[in-house]
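Examining the three-dimensional arrangement
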Amino acid sequence: MKRYLFSIVFAVFAVGGIAVSYIYSAIDHLPKYRLAAVQGNPEEGRAVELLGSYYGSVYSYALNVNEIGSSYSQYTQTNFRHNILNTRPWFFRYSDIRQLVKEHRPFMRNRSNSNGFYSDEERLIYADTARTYNEASKSTITILSISILDKATKQTREYELNIEEPHNILLRDVQFTDDRIHLLMSVYPSDRMSSDSIYHYAVGLSDGELKSVEKLEQLALNSDDEHIYRAYAIADSTSSAPNDFVIFLQYEEKITSVNGVDSYRSERISERFYAYSYRTGELSALPIKSGDRGVGSLDGNVFAYAVKQDEEIMLSSYDLNTGVLNEAAITASDMGATEIGNSMSIANNRLYVLITKDRVPMAAVVDIHNGELLYAGEAVYVGPDSEAEYRMGRLHLLNLKVKE
Amino acid sequence: MNRYLKLVHMEIYRFRYILGGLMALTAVFQISALVSTLLRELSRRELLGENASGSPLSFAWAVASTNFWFIIPMLICIAVIAMYVFWIWYRDWVGRSSFIYRLLMLPTSRRHIYLAKGTAILLFILSLLSFQMVLLLVENMIFNLIVPAELRVESFFAEIIQSNLALKVLVPQSFEQFFYAYGLGMLAVFVIFTAIMLERCYRGIGILYGILYVGACVLVVTSPVLFLGLDESIYYFYPGEILAIASALCGIVLVISLLLGFRLLGRKITV
């Protein structure tokens, strides 16, 4: 045994050293923080997460802070398994898409356009477009493909339609009402100095025939040498959820200078919200004033919009069925803060706001219907009080995320 | 089992001086770089007096400032271990009294020789990493001895690791990543061992077999990530399925490499 002592000690040192290092690394990790409720119901704060950095002595380290604690996931959770499972974030970041993949795995295979899904109790519809060159007509056409899964029988039907549109088409939303599949498409002219066009295609569910094509003329005003009109669609926040409406933010750009054929500088001179009903085909202007860096969200029949103006947030919520508009002006002091940050998000009928009180980062949750403060929480250091001031000085939280 | 452990002991014993040399080289490079950097910084601050930068010194800063001299010995260690993956076999064949005669005639299964060499390589790598961790503790003590308490601030362990370009790759913060990275490393070692067995069995043409075998294994292991559209918008497989395929292919390559290596060493090799 004595003869092998060197090798035994060597093996214990090799394996033990690594084990002790990882145990020590877990204990002596970067400082921990969490969101502590200051006002309101802590349950409301569960959905919010503040993002930023801890400034170390040499480098800064990205971290997320929430009610449970803080996570330096970029360093502690990055591994091959995590990297592979978290690919295609543009698709899998939506909770409804993840649920659809879980429930209808074979149907969801090979589908990648997150705007192309519609799901209700009876059926799951997927639509997508692909451009192709038609040898016969010597022109580029767009093929619109539609797949319908009957959830009860698990049977799938597929339709294909050719769209004679030479420009790029982007599918924005898919809905279903009155036995028709409604497809909202944006057409982008190759000449970027022309206005976008928005089309509403209606396809029969039972026969796959194109029933109607409507251009939303009011949104697609013709450009002239000085003005371009663009329209941005805001579909339901749950992209596959049934919704009779879609919201458009139409904006007018004034061209200030032109460089070459397609390159130009512009400034936005006016913006206006519209609601479009798939069922009636009616496009109506909304009495909501937009602004720079505003956030909007359509959740069922309620469209909510928030914009930071000077030292307050103007919050509007509009019921598309009843036409009732609720507005509220929220100041930093209403939320128990001294300053409103530059990050906001609307989800779950709540407005989530990054705020600060004497430079301490905070999160606030506000009811979108009446502007009532439901929760305010501040970032606190989890550790000895003697270190708190130094560690808080090194915490810089500049963004906010709502967990799905 | 007993004979396998004895063979592991033999392999460790044969490499002890090289390993000791590598550890000594690492310690000399890193400690001397650390001391000279700290002395230079302290004298600079002394010279500037009140005009010197007021930020306190941390061990993480010291490690970041000596990145080059920390990395050089680590690269030398990696290079030596990489070469020894080949030499651990070929040293038994070369020389006047070929050691391989005695090894192959031992009254034990020949696969124990193969596995003992693999185990030894793994222990060499882990021992160098462990030594580096111990060395960081020693260097932290030296840092505390040189830098006055009022001029220094404590560093977190994670900060120290992240401060060095090589350390953050060699000692990933996630233990799971450590497991994957070194698991793949050992898979590569066994693939190379089997390629060496092919060369030893078939000599001239065996070199070609070995190269083809390594190439095929690399292709098989990387194919799920390269060819299954992992990060593309149009894809067939879900990420979880790609992970399962990749894991299964790694397992298959490992099993084939071990079985082929055992078979070649047991039935084909002659001395």
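Just so it is clear, the model here is predicted, and its values are computed rather than measured.

Remarks on the overall build of chain A
Scanning chain A for helices and strands turns up 7 helices and 25 strands. For chain A, the residues scored as buried account for 48% of the 404 residues in total. Put simply, of all contacts in chain A between residues at least 6 apart along the chain, 48% involve residues at least 24 apart. In the form shown here, chain A has an accessible surface area of approximately 20,000 Å², with 48% of it arising from carbon and sulfur atoms. Chain A carries 40 positive and 54 negative side-chain charges, and their two centres are separated by 10 Å.

Description of a nonpolar patch on the surface
A surface patch of nonpolar side chains, amounting to about 460 Å² of accessible area, comprises Y202(B), I205(B), L208(B), Y209(B) and L212(B). I205(B) gets classed as partly exposed once you look at its relative accessible area, which sits at 43%.

Some remarks on the nonpolar core
In this structure, W89(B), Y114(B), F124(B) and F193(B) are the most contacted members of the largest nonpolar core, which totals 82 residues. For this core, the element with the most residues is helix 5 (residues 111–146) of chain B, which contributes 16 residues. If we ignore the near neighbours within four places in the chain, the residues touching F124(B) are F10(A), E11(B), I12(B), F15(B), L19(B), I81(B) and Y84(B).

Examining the sheet that holds strand 24 (residues 373–382) of chain A
Residue and element names in this part refer to chain A. Taken together, 5 strands build an open sheet; the order of strands is 1-24-23-22-21 and the sheet is antiparallel. The two strands at the open ends of the sheet, each matched to only one other strand, are strand 1 (32–40) and strand 21 (339–347). On average, each strand axis in the sheet is tilted by 25° relative to the strand beside it, whichever way the strands run. In this structure, strand 23 (residues 360–367) lies alongside strand 24, joined through 5 bridges in antiparallel fashion. Bridge pairing links A364 to A376 in strand 24. In this fold helix 7 (residues 385–393) packs onto strand 1, strand 23 and strand 24, with an angle of close to 110° to the strand it touches most, strand 24.

Quick word on the pairing of strand 17 (residues 295–299) of chain A
Of the strand pairs in this sheet, strand 17 of chain A and strand 18 (residues 302–309) of chain A are connected by 5 bridges, and their pairing is antiparallel. Considered in strand 18 of chain A, the bridge of S297(A) is made with A304(A).

Observations regarding the interface of chain A and chain B
Every contact between the two is made by 47 residues of chain A and, on the other side, 56 residues of chain B. Taken over both partners, the interface formed by chain A and chain B buries close to 4,700 Å², and the fraction arising from carbon and sulfur atoms is 65%. The largest contributions to the chain A side of the interface with chain B come from Y22(A), R88(A) and R109(A), which together make up 16% of the buried area. Applying the counting criterion to the chain A and chain B interface returns 3 salt bridges. Between E241(B) and R109(A) there is a salt bridge; the shortest N-O distance is 2.7 Å. For the interface between chain A and chain B, the tally reads 17 residue pairs in polar contact (both at pLDDT 80 or more). Elements represented by at least two residues in the side of chain A that touches chain B include exactly helix 1 (5–27), helix 2 (73–76), helix 3 (80–85), helix 4 (89–92), helix 6 (105–108) and helix 7 of chain A. The dominant element in the side of chain A that touches chain B, judged by the number of residues it contributes, is helix 1 of chain A, at 13 residues. For the side of chain A that touches chain B, the per-class residue count stands at 26 nonpolar, 13 polar and 8 charged.

Topic: the sheet that holds strand 14 (residues 245–259) of chain A
All names here are of chain A. Spatially, 13-14-15-16 is the arrangement adopted by the 4 strands of the open sheet, whose pairing is antiparallel. With one partner strand each, in any of the chains shown, strand 13 (227–234) and strand 16 (283–285) form the two edges of the open sheet. Sheet twist, expressed as the mean angle between neighbouring strand axes with direction ignored, is 40°. As paired strands, strand 14 and strand 15 (residues 263–277) are joined by 14 bridges and run antiparallel to one another. Of the residues in strand 15, the one forming a bridge with E252 is S270.

With respect to helix 3 (residues 67–90) of chain B
Within an α-helix, residues lying three or four positions from one another point in the same direction, as the helix has 3.6 residues per turn. All names here are of chain B. Compared with the 34 Å implied by 1.5 Å per residue over 24 residues, the 35 Å span of helix 3 between its first and last C-alpha is a close match. Approximately 35° is the largest bend angle found in helix 3, and it occurs at Y84. Residues of helix 3 that are buried: N67, F70, I71, P73, M74, C77, I81, Y84, V85, I88, W89 and Y90.

With respect to the pattern of salt bridges
All told, the structure shown has 22 salt bridges over all chains when counted by the stated rule. Close ionic contact of E122(A) with R123(A) constitutes a salt bridge, the shortest N to O distance being 3.0 Å. Among the residues examined, R123(A) registers a relative accessible area of 13% and is labelled buried. Among the salt bridges present, the one from R44(B) reaches E41(B), with a minimum N-O distance of 3.0 Å. Here R44(B) and its partner E41(B) are both found in helix 1 (residues 2–48), 3 residues apart, which amounts to about one turn of the helix. Judged by its relative accessible area of 11%, E41(B) is buried. Bridged by salt links that share partners, the residues E11(B), R14(B), D92(B) and K117(B) form one connected network.

Side note on the packing of helix 1 of chain B against helix 5 of chain B
All names here are of chain B. Between helix 1 and helix 5, the shortest axis-to-axis distance is 8 Å and the interhelical angle comes to 25°. By the angle between their axes, helix 1 is roughly parallel relative to helix 5. Seen from above, helix 1 lies across helix 5 with right-handed handedness. Counted by class, the contact of helix 1 with helix 5 contains 27 nonpolar, 6 polar and 4 charged residues.

Overview of the pairing of strand 21 of chain A
Residue and element names in this part refer to chain A. Bridging between strand 21 and strand 22 (residues 350–357) involves 6 bridges; their strand directions are antiparallel. From the neighbouring strand, S345 faces strand 22, where its bridge partner is Y352. Once strand 21 ends, the chain turns through 2 residues before running back antiparallel as strand 22, passing N348 with a positive phi of about 50°.

Comments concerning the environment of Q218(A)
Residue and element names in this part refer to chain A. The topology assignment puts Q218 in the loop between strand 12 (210–215) and strand 13. Given the relative accessible area of 41%, Q218 is considered partly exposed. In this view, Q218 contacts Q250, Y274 and L283; residues no more than four positions away in its chain are not counted.

Some remarks on the state of the cysteines
All names here are of chain B. Applying the stated criterion across every chain, the model contains 0 disulfides over all chains. Here C201 is not disulfide-linked; the sulfur of C217 is the nearest cysteine sulfur, at 16 Å. Note on C217: no disulfide assigned, nearest cysteine sulfur contributed by C250 at a separation of 10 Å.

Observations concerning the confidence of the model for chain B
Where the model shows low pLDDT, its predicted coordinates should not be examined in detail. Chain-level statistics for chain B give a pLDDT mean of 92 and a share of 96% at 70 or above. Two numbers describe this predicted complex: its pTM, 0.86, and its ipTM, 0.90.

Some points on the side chain of E159(B)
Here E159(B) is to be found in helix 6 (residues 157–163). For E159(B), which is buried and forms no salt bridge, the nearest opposite charge comes from R391(A), at a distance of 5.9 Å. Beyond its immediate chain neighbours, meaning those up to four positions away, E159(B) contacts L30(A), G56(A), S57(A), V58(A), Y61(A) and A60(B).

What counts, and where the lines are drawn
- Along each chain, numbering runs from 1 in the same order as the chain's sequence is written.
- All chains are assigned letters beginning with A, and all ligands numbers beginning with 1, in the order in which they are written.
- Totals for whole chains, interfaces and linings use every residue, but because this is a predicted model, local features are given only for residues with pLDDT of at least 70 and side-chain atom pairs only at 80 or more, for both listing and counting.
- With hydrogens and water excluded, all non-hydrogen atoms of the structure serve as input to the side-chain values.
- Helix and strand assignments come from DSSP, with helices taken as H or I runs of at least 4 residues and strands as E runs of at least 2, each series counted from the N terminus.
- Under the scheme applied here, a residue whose accessible area is under 20% of the maximum for its type counts as buried, over 50% as exposed, and between as partly exposed, the area being computed with a 1.4 Å probe on protein chains only.
- We call two residues contacting when some pair of their heavy atoms lies within 4.5 Å.
- Note on areas: these come from Shrake-Rupley sampling with a 1.4 Å probe, and a residue is covered only by the protein chains present in the view.
- Only four residue types enter the tally: Lys and Arg on the positive side, Asp and Glu on the negative side, with His and both chain ends excluded.
- For the purpose of locating charges, the reference atoms are NZ of Lys, CZ of Arg, CG of Asp and CD of Glu.
- Distance thresholds for patches are 9 Å for like charges and 5 Å for nonpolar side chains (Val, Leu, Ile, Met, Phe, Trp, Tyr), applied to residues having over 30% relative accessible area and no salt bridge.
- Take a side-chain nitrogen of Lys or Arg and a carboxyl oxygen of Asp or Glu: if they are within 4 Å of each other, that pair is a salt bridge.
- Residues enter a nonpolar core if they are buried and are Ala, Val, Leu, Ile, Met, Phe, Trp, Tyr or Cys, with the set joined through side-chain atoms within 4.5 Å.
- When DSSP finds two or more bridges between a pair of strands, those strands are recorded as paired.
- Interaxial angle, 0 to 180 degrees, is taken between N-to-C directions of lines fitted to C-alpha atoms, where a helix line uses only the stretch in contact.
- The term buried area denotes the loss of accessible surface (1.4 Å probe radius) that occurs when two parts are joined, taken as the sum for both partners.
- Pairing of N or O atoms within 3.5 Å defines a polar contact, subject to two protein rules: one partner must be a possible hydrogen donor and the other a possible acceptor, and residues neighboring in sequence count only if both atoms are side-chain atoms.
- In this count, Pro and Cys sit with the nonpolar residues alongside Ala, Val, Leu, Ile, Met, Phe, Trp and Tyr, while Asp, Glu, Lys and Arg are called charged and the others, Gly among them, polar.
- What a helix should span is 1.5 Å times the count of its residues minus one.
- One fitted axis covers the seven residues ending at a residue, a second covers the seven starting there, and the bend at that residue is the angle between these axes.
- Here roughly perpendicular refers to angles of 65 to 115 degrees, roughly parallel to angles under 35, roughly antiparallel to angles over 145, and oblique to all remaining angles.
- By the definition used in this description, the sense in which the near helix is turned from the far one sets the handedness, with an anticlockwise turn below a right angle giving left-handed and a clockwise turn giving right-handed.
- Sulfur atoms of two cysteines make up a disulfide when they are within 2.5 Å.
- As a per-residue quantity, pLDDT reports the predictor's confidence and falls between 0 and 100.

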